[in-house]
Amino acid sequence: MIQLKKKLIASKNSGFMVAGAVFSVLVTLLVVLLLQGLLKSIASADRATHKTDDLVFAYVQFNRFVNEDKNMAYVLTKESNSRQAALVKIDQKGKKKIYVLTFYKNMIRVTTPEGGHMPLLLGVRTASFESRERQIKITVTEKDKRKSEIYFKLDAKPKEKTKDEPKKNKAESKRTIK
């Protein structure tokens, strides 16, 4: 009888050990699957925020370029269309220089008539431009099919003086002097 009790106790212990081992393997498998899903989520979130940083960087880069040295810059609405946006930048000495924003080979870039370009945004699928008197709007579709809009605010175009205006101003100034 003692031997039978020993056999029953021994069989209960070995069964308990197998059940414990199976349970611990299942728990470990569940933890590994949860960690795998978490890592995939973190990787996709990292890629998604990277594109936003590129858009912000492009905005800041162009905004600095336009406003460097407290220069004046305004939109050339007649030369602008849905494929490009033209603007004039006037330096401290009053010299005018024309720049054109265009979409070219998966990038948005700024070019000059003399040649050369400055890339603003890479990885672009399509882009369209809309120019108004004091604003340039760029609608961007990225490689991952996300759409964004970038707005640039510029100065108002200075009014051109006619030939008669300088004479009138001189005449008025003579009257006020007397």
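You'll find the structure just up there.
Now for a quick tour of the structure. Because the structure is a prediction, the values reported are computed rather than measured.

The rules behind each value
- Throughout this document, residue positions are counted from 1 along each chain, in the order its sequence is written.
- Only residues with pLDDT of at least 70 are given local features in this predicted model, and only at 80 or more are side-chain atom pairs given and counted; all residues enter the totals for whole chains, interfaces and linings.
- The basis for the side-chain values is all heavy atoms of the structure; hydrogens and waters are excluded.
- Helix numbering and strand numbering both begin at the N terminus, where a helix is a DSSP run of H or I of at least 4 residues and a strand a DSSP run of E of at least 2.
- Throughout, a residue-residue contact means that at least one pair of heavy atoms, one from each residue, lies within 4.5 Å.
- Pairing between two strands is assigned when DSSP locates at least 2 bridges connecting them.
- Buriedness for pockets is judged along seven lines, at least five of which must meet protein on both sides within 12 Å for an open set on the 1 Å grid over protein atoms alone, while cavities are sets there where a 1.4 Å probe fits but cannot get out, and lining residues have an atom within 4 Å of a point.
- Grid points are joined across faces, edges and corners, and a volume is the space filled by probe spheres set on the points.
- Note that Gly is not counted as nonpolar here; it falls among the polar residues with everything else outside the nonpolar set of Ala, Val, Leu, Ile, Met, Phe, Trp, Tyr, Cys and Pro and the charged set of Asp, Glu, Lys and Arg.
- Lines fitted to C-alpha atoms define the axes, with helix axes restricted to the stretch in contact, and inter-axis angles between N-to-C directions lie between 0 and 180 degrees.
- Among buried residues, those of type Ala, Val, Leu, Ile, Met, Phe, Trp, Tyr and Cys that are joined through side-chain atoms within 4.5 Å constitute a nonpolar core.
- Buried residues are those whose accessible area, probed at 1.4 Å on protein chains only, stays under 20% of the maximum for their type, while exposed residues exceed 50% and partly exposed ones sit between those limits.

Another aspect to go through is the overall build of the protein chain. The number of helices and strands found in the protein chain is 2 helices and 8 strands. Each helix (α) and strand (β) of the protein chain, taken in turn from the N terminus, gives the series α-β-β-β-β-β-β-β-β-α. For the protein chain, long-range pairs separated by at least 24 residues make up 33% of all intrachain contacts whose partners lie at least 6 apart in sequence.

Looking now at the pairing of strand 6 (residues 124-131). Bridge count between strand 6 and strand 7 (residues 135-142): 7 bridges; the pairing is antiparallel. Along strand 7, the bridge assignment pairs Phe 129 with Ile 138. Linking strand 6 to strand 7, which pair antiparallel, is a turn of 3 residues.

As a further point, take the layout of surface pockets. The calculated volume of the largest pocket comes to roughly 150 Å³. Forming the walls of the largest pocket are Val 75, Leu 76, Thr 77, Lys 78, Glu 79, Glu 133 and Lys 157. For the lining of the largest pocket, the per-class residue count stands at 2 nonpolar, 1 polar and 4 charged.

Pairing is antiparallel across the open sheet formed by 5 strands, whose spatial order is 1-2-3-4-5. Since the sheet does not close on itself, it has two edges, and those belong to strand 1 (72-76) and strand 5 (117-122), each with one partner. Ignoring which end each strand starts from, the neighbouring axes of this sheet average 25° apart. Pairing of strand 1 with strand 2 (residues 84-90), which is carried by 5 bridges, proceeds in the antiparallel orientation.

Below, the discussion takes up empty space enclosed by the protein. Vacant regions in the atomic arrangement are exposed by a probe of water-molecule size rolled over the atoms. Scanning all chains against the criterion turns up 1 cavity of 30 Å³ or more. Empty space within the largest cavity amounts to approximately 40 Å³. The wall of the largest cavity is formed by Ala 58, Ile 108, Leu 120, Leu 121, Ile 138, Ile 150 and Phe 152. Looking at the lining of the largest cavity, the elements that each hand over two or more residues are strand 5 and strand 8 (147-153).

With that out of the way, let us pick up the side chain of Thr 111. As for its placement among the helices and strands, Thr 111 is situated in strand 4 (residues 107-111). Residues within four places of Thr 111 in sequence aside, it is in contact with Ile 98, Tyr 99, Val 100, Gly 116 and His 117.

Attention now goes to the nonpolar core. Formed by 24 residues in total, the largest nonpolar core has its most connected members in Phe 62, Leu 87, Leu 101, Ile 108, Ile 136 and Ile 138. Residues contacting Ile 138, with those up to four places away along its chain left out, are Leu 101, Ile 108, Ser 128, Phe 129, Ser 148, Glu 149, Ile 150 and Phe 152. Core analysis: the second largest hydrophobic core is formed by 6 residues, Tyr 74, Ala 86, Val 88 and Ile 90 among them.

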